[in-house]
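Notes for the structure review
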Amino acid sequence: MTSEDTVPAALRRLWRLSEPSRLGRPAALDVDRVVAAAVETADRDGLEGVTLPKIAKGLGVTGMSLYRYVGSKDELLVLMGDHALGAPPRFDTGDWREGLRAWARAQREVYQQRPWLAHLPVTGPPSGPHRIAWMEAALAILAGTPLDWAHKIGTLSLIGGYVVQAVRQDHELARGRAEGQGQSDAERAYGRALAQLVDPERFPETARLFSSTVFEAGPAPASETDTAPGDADFTIGLELILDGVAARIEPVGRCGR
């Protein structure tokens, strides 16, 4: 038995390892065509629009024939996620904080272009070639820090999870807003409504929040890189996470920005 023989079939397909040859004429499909069709469907119809029968119909084959190339709907979602994420850009910086900031923003940009990525179920740790490439990029950024492997992985998981949750929240809030209503208008309406409902005696600090002007003015840019709705909130959260990482890396009182 060779080392490749011990790789599960799902991982073989994810990494596009060669499959044992079959007798007869070449197959009309392959994993790449199936995954590309599924990603195209998700881009057009959202994740809820991805079904094996729909993918099969679009490819001109029967639903059962897809199981030669993907073992299940869950496996197809994993294949789609890795394919759609793509390879990371280069992060040429010697500063870990600047590097992680760029890493998070680059990943967020991909998820914003394809919001359905943020709604994929998490079925295990990163395992596809593109997700591993993103992991490699972040580990390279942290290579010069004193963090051990456990803290490096914890940092990646925390920032990656924050990116996914932030994009998912922005997407869901956008879908929940009235047609034509922007984020600032939605926040203003929210603040005014809650200011009338929150009892200062029962919720004193929350009442102070809603009596402030924070929802009237809308979020102020937290960084010169903030250009779109939600950027300021994303930056604030990311910098808080990086402050925590800095506390592990740098001496107390020297959490550089």
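Residues numbered from 1 in each chain as written. Predicted model: local features only at pLDDT ≥ 70, side-chain atom pairs only at ≥ 80, totals over all residues. Heavy atoms only, no water.

With that settled, the discussion passes to the packing of aromatic side chains. Scanning the entire structure with this criterion turns up six aromatic pairs. Measuring from centroid to centroid gives 5.4 Å for Tyr-190 and Phe-215, while their planes differ by 80°, and the two rings are edge-to-face. Of the two residues, Tyr-190 is situated in helix H8 (residues 183-197) and Phe-215 in helix H10 (residues 214-217); the sequence distance between them amounts to 25 residues. Residue class for Tyr-190 comes out partly exposed when judged on its relative accessible area of 42%. Judged by centre distance (5.3 Å) and plane angle (20°), the ring pair of Phe-210 and Phe-215 falls under stacked. (Phe/Tyr/Trp six-rings, centres within 6.5 Å; stacked < 30°, edge-to-face > 60°. Helix = DSSP H or I, 4+ residues; strand = E, 2+ residues; numbered from the N terminus. Buried < 20%, exposed > 50% of the residue type's maximum accessible area, 1.4 Å probe, protein only.)

Right, let's talk about the nonpolar core for a bit. Proteins that are soluble and globular tend to have nonpolar side chains buried together. Ranked by internal contacts, the top residues of the largest apolar core, which has 57 residues, are Val-34, Met-80, Trp-116 and Ile-159. Among the secondary structure elements, those contributing two or more residues to this core are helix H2 (31-45), helix H3 (52-59), helix H4 (73-85), helix H5 (96-113), helix H6 (129-141), helix H7 (149-176) and helix H11 (231-249). Once residues within four sequence positions are removed from consideration, Ile-159 is found in contact with Leu-100, Trp-103, Ala-104, Leu-238, Ile-241 and Leu-242. (Core = buried A, V, L, I, M, F, W, Y, C linked by side-chain atoms within 4.5 Å. Contact = heavy atoms within 4.5 Å.)

So, on to H6. In this model, H6 (13 residues) spans 18 Å end to end at C-alpha, consistent with the 18 Å of a helix rising 1.5 Å per residue. Looking only at H6, the buried set comprises Trp-134, Ala-137, Ala-138, Leu-139 and Ile-141. Where H6 is buried, its residues touch H4, H5 and H7. (Expected span 1.5 Å × (residues − 1).)

This next bit is on H3. If you check which residues of H3 are buried, you get Leu-52, Ile-55, Ala-56 and Leu-59. Around the axis of H3, the buried residues are gathered within 100° of arc, so they sit on the same side. Seen from the buried face of H3, the exposed residues on the opposite side, beyond 90 degrees, are Pro-53, Lys-57 and Gly-58. Taken together, the buried residues of H3 touch H2 and H4. Among the residues of H3, the N-terminal cap falls to Thr-51, whose side-chain oxygen and the backbone nitrogen of Lys-54 are separated by 3.2 Å. One or two positions beyond H3, positive phi appears at Gly-60, with a value near 75°. (Arc of directions from axis to C-beta. Polar contact = N/O pair within 3.5 Å; in protein donor to acceptor, adjacent residues only side chain to side chain.)

One pass over the full model with this rule turns up 14 salt bridges. Between Glu-239 and Arg-97 there is a salt bridge, with the nearest N and O atoms lying 3.0 Å from each other. Of this pair, Glu-239 sits in helix H11 while Arg-97 sits in helix H5; the two residues are 142 residues apart in sequence, bridging distant segments of the chain. Each member of the pair, Glu-239 as well as Arg-97, is classed as buried. Salt bridges sharing partners connect three or more residues here, namely Arg-97, Arg-101, Glu-239 and Asp-243. (Salt bridge = Lys/Arg side-chain N within 4 Å of Asp/Glu carboxyl O.)

Once that is clear, we can look at the layout of surface pockets. Of the pockets and cavities examined, the largest pocket occupies roughly 890 Å³. Taken together, 34 residues make up the lining of the largest pocket; nearest its centre are Val-122, Gly-124, Pro-125, Pro-126 and Arg-131. Of all the elements in the fold, those that place two or more residues in the lining of the largest pocket are helix H1 (9-14), H4, H5, H6 and H7. A per-class count over the lining of the largest pocket returns 20 nonpolar, nine polar and five charged. (1 Å grid on protein atoms, 1.4 Å probe; cavity = no way out; pocket = protein on both sides within 12 Å on 5 of 7 lines; lining within 4 Å. Points joined across faces, edges and corners; volume = space filled by probe spheres on them. Nonpolar A, V, L, I, M, F, W, Y, C, P; charged D, E, K, R; others polar.)

Moving on, we come to the packing of H5 against H11. At a closest axis distance of 11 Å, the pairing of H5 and H11 adopts a crossing angle of 145°. The chirality of how H5 crosses H11 is right-handed. Contact with H5, carried on its side by Trp-96, Arg-97, Leu-100, Arg-101, Ala-104, Arg-105 and Arg-108, involves Asp-231, Phe-234, Thr-235, Leu-238, Glu-239, Leu-242, Asp-243, Val-245, Ala-246 and Ile-249 of H11 and no other residues of that element. Residues belonging to the contact of H5 with H11 are distributed by class as follows: nine nonpolar, one polar and seven charged. (Axes fitted to C-alpha atoms, helices over the stretch in contact; angles between N-to-C directions. Left-handed = near helix turned anticlockwise from the far one by under 90°.)

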